[in-house]
Amino acid sequence: MCGIVGYTGGKSVVDILIDGLRQLEYRGYDSSGVAVKCGEDIKVYKAEGKLENLCKVLSPYKDELKTATCGIGHIRWATHGAPTVLNAHPHTCTCGRLALVHNGIIENYKEIREKLEKEGCTFRSQTDTEVAAHLVAKKYAQTKDLTEAVRLATKELEGAYALCVMHNDYKNTIVATKRNAPLLVGVGDGEFFAASDVPAIIKYTNRAMYLNDNEIVTLTPEKMVLINSDGKEIPQKIETLPWEPVALSKRGYKHFMLKEIHEQPDVIRNILVGKLHAPDEPIVLNEVKLNKDTLKNLNRIQIIACGTSLHAAMVGKYLIENFCGIAVDVEASSEYIYRKTVTDSHTLVIGVSQSGETADTLTAIRQAKEKGSHALIITNRPDSAMARLADSLIPVNAGIEVSVAATKSYTAQLMAFYLLALYMAEVKNSVDKSTLTSLKSELMLLPQKVERILAHTENIQKCARAYASTKDFIYIARGINFPTALEGALKLKEISYINATGYPAGELKHGPIAMLDETMPVLSILMRGCVYEKLLSNSEEAKARNARMIALTNSDDEKLDDLFDYIIRVPEVQELFSPVIAMVPLQLLAYYIAEFLGKDVDQPRNLAKSVTVE
Ligand code: F6R
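Sequence order as written defines residue numbering, which begins from 1 separately in each chain. Per-residue local features of the predicted model are confined to residues with pLDDT of at least 70, and side-chain atom pairs are confined, for both listing and counting, to 80 or more; whole-chain, interface and lining totals are unaffected and use all residues. Water and hydrogen atoms play no part in the side-chain values, which are based on all heavy atoms of the structure.

Caption draft 1: Representation of the site of the ligand. Around the ligand there are 14 residues in total, and Ser309, Ser353, Gln354, Ser355 and Thr358 lie nearest to it. Here a polar contact means two N or O atoms within 3.5 Å. Within protein one must be a hydrogen donor candidate and the other an acceptor candidate, and residues neighboring in sequence count only if both atoms are side-chain atoms. One of the backbone nitrogen or oxygen atoms of Gln354 is found 2.7 Å away from an oxygen atom of the ligand. Within the contact set of the ligand, an oxygen atom lies 3.5 Å away from a backbone nitrogen or oxygen of Val404. Considering the ligand on its own, with 400 Å² of exposed area, one finds that the protein chains cover 90% of that surface. What counts as a helix is a DSSP run of H or I of at least four residues, what counts as a strand is a run of E of at least two, and both are numbered from the N terminus. Mapped by element, the contributors of at least two residues to the shell around the ligand are helix H10 (307–324) and helix H17 (482–496). Top element by residues in the shell around the ligand is H10. It accounts for three residues. The class makeup of the residues in the shell around the ligand is five nonpolar, seven polar and two charged. Any residue with at least one heavy atom within 4 Å of a molecule or strand is counted as near it. Residue-level accessible areas treat just the shown protein chains as cover; the underlying method is Shrake-Rupley with a 1.4 Å probe. Each residue receives one of three labels: charged for Asp, Glu, Lys and Arg, nonpolar for Ala, Val, Leu, Ile, Met, Phe, Trp, Tyr, Cys and Pro, and polar for the others, Gly being one of them.

So this is what it looks like as C-alpha cells:
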C-alpha cells in the first residue's frame, strides 16, 4: 500500500515520476504528490484522489519543471489521516528544506511527534509519516550529512517503512532506505531510480538492486553508495530482472478486470507448461523440495493467506486432505500472527499471495520459519519478498494483474494447488496410478471449458441486469465450493459495494435463513457430486422462504427449472475441479453488476492491490 518512486539522472524528472506512479496506482489512489529539485529549491505538488488530479495540478508548471532532473513521488493509500491534500506525501520538515515519501506505518509516531513538537517542530498533517521528515531534518541539522541523518533517524523509527528523502542542500541526491516494506533501485546509464515495485522502472532499465532491511542507499546520477545500519559501505548486488517492459493495455476490453477474466484459459495453460506434460507422466515441480522423507516427517500443514488468496487456500486444504491424507489448517495471516500457533519442524507452512508482499502473510511466514517449518510459497511474483523467504516455490505465472479485484491470479492459485496436491499424492503414493491419470486428464481439459464459458456471457449479463438493484446477496455452496461462495461474494462486494455474503449451505438454517424474504437473492453453486442433493434441499429451504433463487450449475436436471428463477449453466466437470469452472461466471456476474451500476471496476473505493501494512 502506497507506492514510492525516486529519480536522479539527466532526464526530465516529472514525466518519469508520473509514469512510475501510474504503474504503482494499484498500490493506492487516495492521493498523490511529487517533490522536485528546481534550481536551489525543492518544490512540492500534491493532489487528492487519483493521479490524473496531480497531473492537472502540475500542468501549469510544465515548462518551469522541464529542466528538473531529480525528484521523489508518492501514491497514497491512507492509513493515518484522511485522504486530503494536507496528508498527501511528500511531507516536508518545518522549514520545508527536506522532503520525504514513505510507504508503511511508523508505529511509534505519537511519541516521536510529541517530543519533536516540544522541540519546536511544526506539524501540518495527521500522518505518521511526517515525524520521519522532521526527525531526519533534526538529525541533518546535527550532522550536515543526509545519509547519516537518515541512518540515525531510522534507528528511532519502529514499524514498517520504505523512505525516499531529498534535501535542498543537495543538488541531485536521493537517500532511500527500507524495513519490512519493499524498495528497489533501478540502475540506468547515468541515472538511478528508486521504486516500490518493478513496473515503475522496467520501462527504463532491467538492472536493479533489491534493498535489504535497514540498508541505506545514496543515489546521484554518477553513482550509488550502499551502507548498512552501522554506516559501513557494503557490496551492491545488482541483478537483471526477468521482466520485459510490458505495455499495460486493456487490449480493447473496457476494464482490466474483464481482460484478466478473459485471460484465464491461457493462465491455466501457462501454469501447466513444464509441470504437466501428459496425464500418464509425473508432475514436475522443480522448485518444490518435498521428497518422500520430508512428507513422511510432516504431521500437519498450515496454509496462510489473506482475502482471495485465503479462499484459494481453502480449496487447497480440501485437495491436499483428499489426495494426501495430511491434516491441513487454513489461517488468515492476520489472525495467525497474534496467537500461539502449534507450528514446528514437522509442519509444512504454505504461504499464498498474488503480490508476495502482503505484510501479514510475510510476518506469518517469517514466524513459521523461525519455528523450523519448511515454507512453500505460491505467488504470482517470484521476485517478491515472500518468494525470497521460500524453501519451496510455485510461481503461478498469471502475468501482471492490474485490476484491484483478483481474478486470474485466483484461478492460477487454484491450479497451483491441484498440481501440488497431485504431486504430493504421487510422492506419497496415496492415490492409485489410474485415478491420478484420469485426474490429470481432467486438469488438462480445464482451459477449453473456461473458454466455453467466456464465449457465451449473454446469460450472465442478463442475470446481472436483473439483480443489479439489490442491496444484499447471499451465495451458498457446500464442500469444495464453499470457498467459491466466499470468493463470489467477495468479488461482488469489492467492486459493486453490494452487501454479499457466502455461507456453507448447511449453516443457513442455523441463523442466516432469518434474513430471507422475497427481496433477497440467493445464488446456489450447485455442482454435481457428493453434496449436490444436499445443496438442492438447502436451496428448497431458501425457496420456501420466498428468496429470489439463482442457480449456477453443471446439471441439466429439469427440476431446477421450477426451483430457480434464474439458471447459469456451466460445462460438465468433475466435482473436484468445479471451483475453477464455477468461479469464472461469478467473476463475470460481479463485473457486469458493477459495470451496470457505473462503479470504478478496476480501482474500487478504499482498496489497494498490495496490502503492505498490517
Ligand atoms: C481481492 C483481493 C484481495 C487479496 C488480498 C491478499 O480481490 O485481491 O483480497 O487477495 O489482499 O493479497 P495477496 O494475494 O497479494 O497476498
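Caption draft 2: Expanded view of the sheet that holds strand S15 (residues 300–305). Here, any two strands with at least 2 DSSP bridges between them count as paired. An order of S16-S15-S17-S18-S19 is seen for the five strands of this open sheet, with the pairing classed as parallel. Looking at the sheet topology across the chains shown, the edges are occupied by strand S16 (328–332) and strand S19 (392–395). Each neighbouring strand pair of the sheet contributes to a mean axis angle of 20°, computed without reference to strand direction. Relative to S19, strand S18 (residues 374–379) runs parallel, the two being bridged by four bridges. Of the residues in S19, the one forming a bridge with Thr379 is Pro395. Against the sheet, H10 engages S15, S16 and strand S17 (347–353), with an angle of about 175° to S16. Lines fitted to C-alpha atoms define the axes, with helix axes restricted to the stretch in contact, and inter-axis angles between N-to-C directions lie between 0 and 180 degrees. Contacts are assigned to residue pairs that have any heavy atoms within 4.5 Å of one another.

Caption draft 3: Region of the structure containing the sheet that holds strand S2 (residues 31–38). Spatial ordering of the open sheet is given by S3-S2-S4-S1-S10-S9-S11-S14, a layout of eight strands whose pairing is antiparallel. Since the sheet does not close on itself, it has two edges, and those belong to strand S3 (41–48) and strand S14 (239–240), each with one partner. Relative to S3, S2 runs antiparallel, the two sharing eight bridges. Residue pairing in the sheet places Lys37 in a bridge with Ile42 of S3. Sitting on the sheet, helix H2 (residues 51–58) is in contact with S2, S3 and strand S4 (70–76), with an inclination near 135° to S3.

Caption draft 4: Structural detail: helix H8 (residues 264–272). Considered for burial, the residues of H8 that qualify are Gln264, Pro265, Val267, Ile268, Ile271 and Leu272. On an axial view of H8, the arc spanned by its buried residues comes to 165°, and they lie on one face. Along its buried surface, H8 packs onto helix H7 (256–262), S19, helix H14 (408–428), helix H15 (433–455) and helix H20 (578–596). Of the residues trailing H8, Gly274 is marked for its positive phi of about 80°. A 1.4 Å probe rolled over the protein chains alone gives each residue an accessible area, and that area as a share of the maximum for its type sets the label: buried under 20%, exposed over 50%, partly exposed in between. Along the arc lie the directions from the helix axis toward the C-beta atoms.

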